[in-house]
Amino acid sequence: MKNTHLKNINENDLQESLRLDAEIPAVVHDRINKAYRVIESRKIMQKPAPADPFRWMKTGGKIAGGLAAVMALGFIVCVSDPVMARDLPLVGSLFEKLQDNVSFFGNFADNASVLEEPEAAANKEAATGEAASEDASSPEKAPQENGLYTKTCGDLTITFSEIYANDQAIYLTMSAETSDAFPETMMDQNGKPVVSLLASTGFDFKEDDAPEIQYYNLEGAFLDDHTYSCILRIDLAEAARDFTEYNKQYDLMTQEVLDEMGVSMDDLNDETEEGYALLSEFVDKVSARGGALQSYIKTIDIPDSFRLSLHITELRGDKPIDGTAVNTDDPASFEIPQYIFEGNWDFEIPVTVDASRTVTLDINETNENGVGLKSVTKTPYELTVQELYNEGADSDCFLVALDAQGNRLPYNDSSGDTNNFAIQDRDISTVDIYILDYVQYMDELKGEENYNNNESKPEGEKWSDLLDKHAKYHKTLHFDK
């Protein structure tokens, strides 16, 4: 089956899974990166405008240089301990077992709520005696029948069991069960899950006539050959942004650029040297004008409680490809091993928002380059950066954050954006935010030797010194521990 989607891949995943770079001439390297950043953001091929005007910096930034990176579609999760996987219950306490083994790790279990079927809750309330109470409250003993939080379609049963939400994200524990064993294409070469979800979401506080179908990277473990459990992260802050007017203005602006260039979308999709050159020019022009559209993005107030509608259409596995097998001469013909469960699994899930532990620093500044920050938000699990561009500023950039020791903060693997960082094991009393030119970052500034152990490097040789020299924007922030 042909690959029909380029997953969001952050650079750290690629460093760990591939340890290689494609040998592509610099000019082609630049054009391919720009092309795929635009394709990733769904701004090409006459698809709807994205939910973020600067997705090149975020999503595209995760495609780490060259065609080999694009082909590395695997996503390596952290849960690999077979003993832990064997001991996981089906539902009811997955946060406790999984929360320390995902990229956005932290204590969810003490703050989460259990999603109980009404009948199970009534049985537990009515149960008398220790034995009866224990049997009624054991979710792993509950029959796997269709209910509010368990749905079966074809050979796949999906169950949601726990939930925690703040004003940045919704976190749900999920299990997927099959009567037949999961195929090997759901695992990488080391037997670790490479599972993603195709779904659309709806929120009762937001009108949306045509919810966008999205891919979600899942982080979890196979309990056995028939059961996969994970934590699904849904970006709530992004859902609370209204892009209706922005999309209209974006379409007008991109058509204006096409008219000025005298080309069509078909010309940009032409996979030739001339096509790449046109696409590169198109991206440059759109990047320079995108900042002027930010004012059209509106923020919707998130209520304390609401209902989440979740419509799942696919659970899929995309086995990573050994980089040596990539055919750089004919990438379109390269097939990615896939397995897809297709169906319709529909859920209505009540959400209660805990905003008590969220801290937002409103910055709202740009520098002489027209580049800056709108805000930085910290929760117990993540740090989210919202950049800001003036009209005419080039938004084809890459975002980097350093902790108090000067080491790079890791990206959240479940997020499709490179503006979302995991923070649990880091000192973020001081955080440095850098906005960098995308191509320069990929070609000159990245590298494991630069990322880590900066606390022991002499002055003048730290990664921050290199970033300071080349950054289009830099800001130092301070948070209470």
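Residues numbered from 1 in each chain as written. Predicted model: local features only at pLDDT ≥ 70, side-chain atom pairs only at ≥ 80, totals over all residues. Heavy atoms only, no water.

## Notes on the packing of helix H10 (residues 244-261) against helix H12 (residues 273-290)
Packed helix pairs are specified by the crossing angle of their axes together with the interaxial distance, meaning the distance between the axes. Taken N-terminus to C-terminus, the directions of H10 and H12 make an angle of 135°; their axes are 10 Å apart at the nearest point. For the element pair H10 / H12, the angle class is oblique. When you trace H10 past H12, the crossing you get is right-handed. Residues Tyr 250, Met 253, Thr 254, Glu 256, Val 257, Leu 258, Glu 260 and Met 261 of H10 form the contact with H12, whose participating residues are Leu 278, Glu 281, Phe 282, Lys 285, Val 286, Arg 289 and Gly 290. Split by residue class, the contact of H10 with H12 holds eight nonpolar, two polar and five charged. (Axes fitted to C-alpha atoms, helices over the stretch in contact; angles between N-to-C directions. Helix = DSSP H or I, 4+ residues; strand = E, 2+ residues; numbered from the N terminus. Parallel < 35°, antiparallel > 145°, perpendicular 65-115°, else oblique. Left-handed = near helix turned anticlockwise from the far one by under 90°. Contact = heavy atoms within 4.5 Å. Nonpolar A, V, L, I, M, F, W, Y, C, P; charged D, E, K, R; others polar.)

## Here we look at the sheet that holds strand S12 (residues 338-352)
If you walk across this open sheet you meet the four strands as S6-S5-S11-S12, and the pairing is antiparallel. Two strands lie at the open edges of the sheet, namely strand S6 (213-217) and S12, each paired on one side alone. Ignoring strand direction, the axes of neighbouring strands in this sheet form an average angle of 30°. Where strand S5 (residues 195-203) and strand S11 (residues 305-318) come together, nine bridges link them in antiparallel fashion. Residue Thr 201 lies in a different strand from S11, and its bridge partner there is Leu 310. (Pairing = 2+ DSSP bridges.)

## A look at a negative patch on the surface
A contiguous patch of negative charge, built from Asp 266, Asp 267, Asp 270, Glu 271 and Glu 274, is present on the exposed surface. Note on placement: Asp 270 falls in the loop between helix H11 (265-268) and H12. (Patch = residues over 30% accessible without salt bridge, like charges linked within 9 Å, V, L, I, M, F, W, Y side chains within 5 Å. Areas by Shrake-Rupley, 256 points an atom, 1.4 Å probe, with all protein chains shown as cover. Salt bridge = Lys/Arg side-chain N within 4 Å of Asp/Glu carboxyl O. Lys, Arg positive; Asp, Glu negative; His and termini not counted. Charge placed at Lys NZ, Arg CZ, Asp CG, Glu CD.)

## With respect to the pattern of salt bridges
A full pass over the atoms with the stated rule returns eleven salt bridges. Close ionic contact of Arg 316 with Glu 314 constitutes a salt bridge, the shortest N to O distance being 3.0 Å. Among the residues examined, Arg 316 registers a relative accessible area of 2% and is labelled buried. (Buried < 20%, exposed > 50% of the residue type's maximum accessible area, 1.4 Å probe, protein only.)

## Brief notes about the nonpolar core
Counting residues in each nonpolar core, the largest one holds 39 residues, and the members touching the most others are Phe 160, Ile 170, Leu 172 and Leu 315. Residues in contact with Leu 172, not counting those within four places in the same chain, are Phe 95, Leu 115, Phe 160, Glu 162, Ile 163, Cys 230, Ile 231, Leu 232, Ile 234, Leu 308 and Ile 349. Ile 363, Tyr 389, Ile 435 and Tyr 441 belong to the second-largest nonpolar core, a separate cluster that totals 35 residues. (Core = buried A, V, L, I, M, F, W, Y, C linked by side-chain atoms within 4.5 Å.)

## Description of H12
Over its 18 residues, H12 runs 26 Å from end to end, which matches the ideal 26 Å to within 8%, given 1.5 Å per residue. Here H12 has its buried residues at Gly 275, Tyr 276, Leu 278, Leu 279, Ser 280, Phe 282, Val 283, Val 286, Ser 287 and Gly 290. (Expected span 1.5 Å × (residues − 1).)

## Some points on the environment of Tyr 339
Tracing the backbone through its elements, the reader meets Tyr 339 in strand S12. If near-sequence neighbours (up to four positions away) are discounted, Tyr 339 is found in contact with Pro 183, Thr 185, Met 186, Leu 315, Arg 316 and Gly 317.

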